Amino acid sequence: MLQANYFDGRSTRVRLVDLSVVGEDLVIAGEGIDFRVPFIGVKVDERLGAAPRRLRFPDGTFCEVRDLAALDTLLSMTAHRDGWVDRMQRHLQFALFAAVACVALAAAGYEWGLPWAAARAAQHLPPAVGKTLSVQTLKLLDGKLFMPSKIAPERRQALSAKFHALRLPEGGSPDSELLFRSSPQLGANAFTLPDGTIIVLDDLVTSIDDDRQILAVFAHELGHAHGRHSLQLLLHSSAVGAFWAFYVGDISALLAAAPAALVQARYSQDLERQADDYGAALLAHNGMSPALLADALKKLAASHAGTSAGGYLSSHPSTDERMRHLLLLAASFKSI
Amino acid sequence: MDNHPGAESPLQSSSARAPEQLHFTGSGAEYFGIWIVNLLLTIVTLGIYSAWAKVRRLQYFYRHTELAGSSFDFHGSPTRILIGRVIALGMLFAYNYSVRLQSALTIVVLAVIAFVMPWLLRNSFRFRLYNTSWRGTRFHFRGTVARAYRVFLLNGFLALITLYVMAPFAHQRLKAYQHDNSWFGRTRCSFHARAGQFYLIYLLLLGAIVVFWLVIGFSGIGGALGSLLQAQKHGGHSNPQAVFRVMAILYGAVIVMAVSIGPLFHALITNLIWNNTRLGEHRIECNMSPWVLIWITASNFVLVAVTLGLFIPWAMVRQARFQLESVRLFPASDLQEFVAAEPETIGAVGEEAATAFDFDISL
């Protein structure tokens, strides 16, 4: 015997009824109600914590049951079986397993899945996307952070000529545009925009006195252009932002707006290493030593020593580590 | 309140019946199991399960909400919600790309979105209410599409061109549109708050924000920012660490404002809205303390951040319990006498699109 509230679905009238199982049927009896339905046609709500469960009948009427233990006893006499999600939601072991699995999946997705997907997506986005993004970025920065270059046009032309004379390891010569700007705030620095355009700041050209070392920095930037790293970073941060918004958005829109940049430092370091490797390969391909890039890094580090968090190096791995890696590459290329 | 001679004896008027408080019977620990399984299945199915997760979440909260000994229920179908989500996602992509890639197409896409939005929002009200029931009787939303365009497009535009002076008015009209057109079975709701009352609360909000930023300014943080701007104006190198410090302080200030002034405003406006809403002859009272809401919001924020989100189920339950239990219904007659209306079928597209674009529709 199980007590329940019966509702006819047409009004809010509550009728107190008793439920019992007779053979294959469920019997509903109480205030002016007395009928039986084959249990097979009764829909039983899944358990959601201690919330009342409903037994829904084919005619649209239903019973609301509060005594969940008694309902379980009644259900055990029928063919009813709880759904698998229902059972998972209810058991502590499953909840703990789900918690661990969520953390593991999130970590794996962040560590491997996301960089892989970002790299694939960046390679397949139409070039127009990169082009438009670059034009806009440049428009945004010119006049604010970027000033016209003060380096003599002849010197710029000479550097451009050397840059375009480089041979790429995959064949052909760089089709990236080389733009010169100055920026007191950013110091000795170079950037690659989503469409591969490379921006060189005056301080970088003046603080490195060996053109071959400047070319080594260009080779590193070509690595970013080749791997479409700025698009990858953009996709990466969008994905992290979207997931974070989905995860905490229900409870706090503010936390959802927490900058994705907080978790991006390590990812961008990985991209720097990739660019170093590509740059080293490119230098070797052009008969130059990858050690040139190490030398350039040393000079850049020296020029940034005065300011606390130097732009070019902050999102990069430590200079010492990169130099060691590059010298190692230099040695290996020499031995080939 | 209007008297209904003949329908009831004077003894049975609203004052004679005991008020019915909403009760929330859920618990954080219980909801954690449901939430974490939902999260896992959503991740494993690359988001497809999120529609089922949403139904389970709403059912958990609705079924644990009780009025006069009976709980509410949510009937939305996961497949309809999934279709809605796919369309919403498509619109979101179109929106994001058109905003980033500024071109003639941007205006077209934005115009199309602005044009379908009122219709979608009205559908979302319909979907949400139609799929909510109490004692087997469903709610309904019967606002017209024409009014939706007036409420969202025209009033929104008015608020924009008057630099938000008209925003409280637009908000009042939106709530009137929502609540005047809501039905429970064949019983209609009505909304009685005037625009003047909305203006009063918005003025308070404005005052609180001004005072907050004055305090920030006078406590020396403004000075740090000022000197930074000064240094930049004179072409000097600005110290990156100083820039970072100022940014961190500003970000922190915005957070503090959102977990203090935000809930304060939310409590006041929610009280106003529900105290002026009636279900037929039944009066509703909402008595949410702004101070308790500030405490709950701020502590939830800290705990969710510290536990990297694991506290979310407890935070949601805490918030739901406090908000729901501050609502009371003063029955004017027997609550057994509501009659259901004819059934209808309603798609979920509106609701999903509306939530994807981050329109907060608190009902």
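The residue numbers shown here count from 1 along each chain, following its written sequence. Just so you know, chain letters begin at A and ligand numbers begin at 1, following the order they were written in. With pLDDT at 70 or above as the cut-off, local features in this predicted model cover only qualifying residues; side-chain atom pairs require 80 or more to be listed or tallied, and sums for whole chains, interfaces and linings still use all residues.

**Q** Describe in detail the overall build of chain A, supporting the description with residues and values.
**A** Each helix is a run of DSSP H or I of at least 4 residues and each strand a run of E of at least 2, with the numbering of both proceeding from the N terminus. A tally of helices and strands in chain A yields 13 helices and 11 strands. Put simply, chain A has 336 residues, and 34% of those count as buried. Exposure is read from a count of other C-beta atoms within 10 Å of each residue's own; the residue is exposed at 12 or fewer, buried at 20 or more and partly exposed in between. C-beta atoms are placed from the backbone.

**Q** How would you sum up the overall build of chain B? Please name residues and give values.
**A** Scanning chain B from terminus to terminus reveals 12 helices and 11 strands. Across the 363 residues in chain B, those meeting the buried criterion constitute 34%. A pair of residues counts as a contact when their C-beta atoms, built from backbone coordinates, are separated by no more than 7 Å. In chain B, the share of contacts with a sequence separation of at least 24, taken over all contacts with a separation of at least 6, comes to 70%.

**Q** Outline the packing of helix H3 (residues 92–124) of chain A against helix H8 (residues 229–248) of chain A, supporting the account with residue identities and numerical values.
**A** Residue and element names in this part refer to chain A. Inter-axis angles, ranging from 0 to 180 degrees, are taken between N-to-C directions of lines fitted to C-alpha atoms, where helices are fitted over the stretch in contact. Put simply, H3 and H8 touch, their axes get as near as 9 Å, and they point 130° apart. Taken as axis vectors, H3 and H8 run oblique relative to one another. Read as a crossing pair, H3 and H8 show a hand that is right-handed. Contacts between H3 and H8 pair Leu114, Ala118, Ala119, Ala121 and Ala122 from the former with Leu231, Gln232, Leu235, His236 and Ala239 from the latter. Roughly parallel here means an angle under 35 degrees, roughly antiparallel means over 145, roughly perpendicular means 65 to 115, and every remaining angle is called oblique. With the far helix as reference, a near helix turned anticlockwise by less than a right angle produces a left-handed crossing, and one turned clockwise produces a right-handed crossing.

**Q** Help me get a handle on the sheet that holds strand E4 (residues 33–38) of chain A, residues and values and all.
**A** Residues and elements named next belong to chain A. At least two bridges found by DSSP between two strands are what make those strands a pair. Pairing is antiparallel across the open sheet formed by seven strands, whose spatial order is E4-E3-E2-E1-E7-E6-E5. Lying at the two open borders of the sheet, with one neighbouring strand each, are E4 and strand E5 (43–44). Direction of pairing for strand E1 (residues 2–7) relative to strand E2 (residues 15–22): antiparallel, over a ladder of five bridges. Residue pairing in the sheet places Asn5 in a bridge with Leu16 of E2. Contacting E1, E2, E5, strand E6 (53–56) and strand E7 (62–65), helix H1 (residues 68–76) runs over the sheet at an angle of about 95° to E1.

**Q** Can you explain helix H5 (residues 145–161) of chain B? Please cite residues and give values.
**A** Given a rise of 1.5 Å per residue, 17 residues ought to cover 24 Å, and the 23 Å separating the end C-alpha atoms of H5 of chain B matches this to within 8%. In the stretch just after H5 of chain B, Leu163 of chain B is the one whose phi turns positive, near 55°. Multiplying one less than the number of residues by 1.5 Å gives the expected span of a helix.

**Q** Describe the interface of chain A and chain B, naming the residues involved and giving the relevant values.
**A** In this assembly, 40 residues from chain A lie in contact with 46 residues from chain B. Elements with a contribution of two residues or more to the side of chain A that touches chain B: E1, E7, helix H2 (84–90), H3, helix H4 (127–141), H8 and helix H9 (253–256) of chain A. When residues are grouped by polarity, Ala, Val, Leu, Ile, Met, Phe, Trp, Tyr, Cys and Pro land in nonpolar, Asp, Glu, Lys and Arg in charged, and all others, Gly among them, in polar. Taken together, the residues of the side of chain A that touches chain B sort by class into 24 nonpolar, 11 polar and five charged.

**Q** Run through the environment of Gly156 of chain B, naming residues and quoting values.
**A** Secondary-structure assignment places Gly156 of chain B in helix H5. On the basis of neighbour counts, which here come to 17 C-beta atoms within 10 Å, the residue Gly156 of chain B falls in the partly exposed class.

**Q** I'd like a rundown of the packing of helix H1 (residues 28–44) of chain B against helix H11 (residues 312–324) of chain B, residues and numbers included.
**A** Residues and elements named next belong to chain B. It is at 8 Å that the axes of H1 and H11 come closest, and there the two elements cross at 125°. Between H1 and H11, the interaxial angle falls into the category oblique. In this structure, H1 meets H11 at a crossing whose hand is right-handed. For the pair formed by H1 and H11, the contact residues are Gly28, Tyr31, Phe32 and Trp35 on the first element and Ile312, Pro313, Trp314, Met316 and Val317 on the second.

**Q** So what's going on with the environment of Leu178 of chain A? Residues and values would help.
**A** All names here are of chain A. Its place among the elements puts Leu178 in strand E9 (residues 178–182). Given 19 C-beta atoms within 10 Å, Leu178 falls into the partly exposed group. As for Leu178 and Gln213, which are separated by 35 residues in sequence, their C-alpha atoms are 16 Å apart. Residues contacting Leu178, with those up to four places away along its chain left out, are Ser160, Phe163, Ile198 and Val200.

**Q** Can you explain the environment of Leu179 of chain A? Please cite residues and give values.
**A** All names here are of chain A. If you trace the backbone, Leu179 turns up in strand E9. Looking at Leu179, the number of C-beta atoms within 10 Å reads 17, which means it is partly exposed. A sequence separation of 19 residues divides Leu179 from Ser160, and the C-alpha atoms of the two residues are 8.9 Å apart. Sequence-distant contacts of Leu179, that is, excluding residues within four places in its chain, are made with Thr197 and Ile199.

**Q** A description of the sheet that holds strand E6 (residues 137–141) of chain B should follow, citing residues and the corresponding values.
**A** Residue and element names in this part refer to chain B. Taking strand neighbours across the sheet as the criterion, the 11 strands line up as E1-E11-E10-E9-E8-E7-E6-E5-E4-E3-E2 in an open arrangement whose pairing is antiparallel. Strands at the two margins of the open sheet, each flanked by one partner only, are strand E1 (20–21) and strand E2 (23–24). Relative to strand E8 (residues 187–191), strand E7 (residues 182–184) runs antiparallel, the two sharing two bridges. Residue pairing in the sheet places Phe184 in a bridge with Thr187 of E8. Against the sheet, helix H2 (residues 50–63) contacts strand E3 (65–67), strand E4 (70–74) and strand E5 (132–134), and its axis sits at roughly 165° relative to E4.

**Q** So, unusual backbone geometry: which residues are in play, and what are the values?
**A** One non-glycine residue, Arg228 of chain A, lies in positive phi territory at about 50°. By C-beta crowding, Arg228 of chain A is classed as buried, having 24 other C-beta atoms within 10 Å. Although it is not a glycine, Leu46 of chain B adopts a positive phi angle of roughly 55°. Looking at the element boundaries, Leu46 of chain B is found in the loop between H1 and H2.

**Q** Could you give an account of the pairing of E6 of chain A, naming the residues involved and the relevant values?
**A** Residues and elements named next belong to chain A. Direction of pairing for E5 relative to E6: antiparallel, over a ladder of two bridges. Each bridged residue has a counterpart across the sheet, and for Val44 the counterpart in E6 is Leu55. With four bridges joining them, E6 and E7 adopt antiparallel strand pairing. Bridging from a neighbouring strand, Leu55 pairs with Cys63 of E7. Count of turn residues in the E6/E7 antiparallel hairpin: five residues, of which Gly60 carries a positive phi of about 90°.

**Q** Break down helix H10 (residues 290–306) of chain B for me, with residues and values.
**A** Residue and element names in this part refer to chain B. Spanning 17 residues, H10 covers 24 Å between terminal C-alpha atoms, matching the ideal 24 Å at 1.5 Å per step. Taken together, the buried positions of H10 are occupied by Leu293, Thr297, Asn300, Phe301 and Val304. Buried residues along H10 cover an arc of 100° about the axis, so they all sit on one side. Opposite the buried face of H10, by more than 90 degrees, sit the exposed residues Trp291, Val302 and Val306. Within this analysis, the arc is defined by the directions that extend from the helix axis to the C-beta atoms.

**Q** An account of the pairing of strand E11 (residues 198–201) of chain A is requested, with residue identities and associated values reported.
**A** Residue and element names in this part refer to chain A. With burial as the criterion, each face of E11 is covered, one bearing Ile198 and Val200 and the other bearing Ile199 and Leu201. Examined bridge by bridge, E9 and E11 share four bridges and lie parallel to one another. Note that in E11 the partner of Phe180 across the bridge is Val200. One ladder, built from three bridges, connects strand E10 (residues 190–192) with E11; its direction is antiparallel. Its bridge partner being in E11, Ala190 is matched across the sheet by Val200. Adjacent in sequence and paired antiparallel, E10 and E11 are bridged by five residues, among which Gly196 carries a positive phi angle near 95°.

**Q** With reference to specific residues and values, describe the confidence of the model for chain B.
**A** Residue and element names in this part refer to chain B. What pLDDT reports is the predictor's confidence in each residue, on a scale of 0 through 100. For chain B, per-residue confidence averages 84 on the pLDDT scale, and 82% of positions sit at 70 or higher. In this model, residues 1–14 is a region of pLDDT below 50 whose contacts with residues beyond four sequence positions or in other chains number 14 contacts. Interface confidence in the predicted complex, given as ipTM, is 0.81; pTM for the same model is 0.80.

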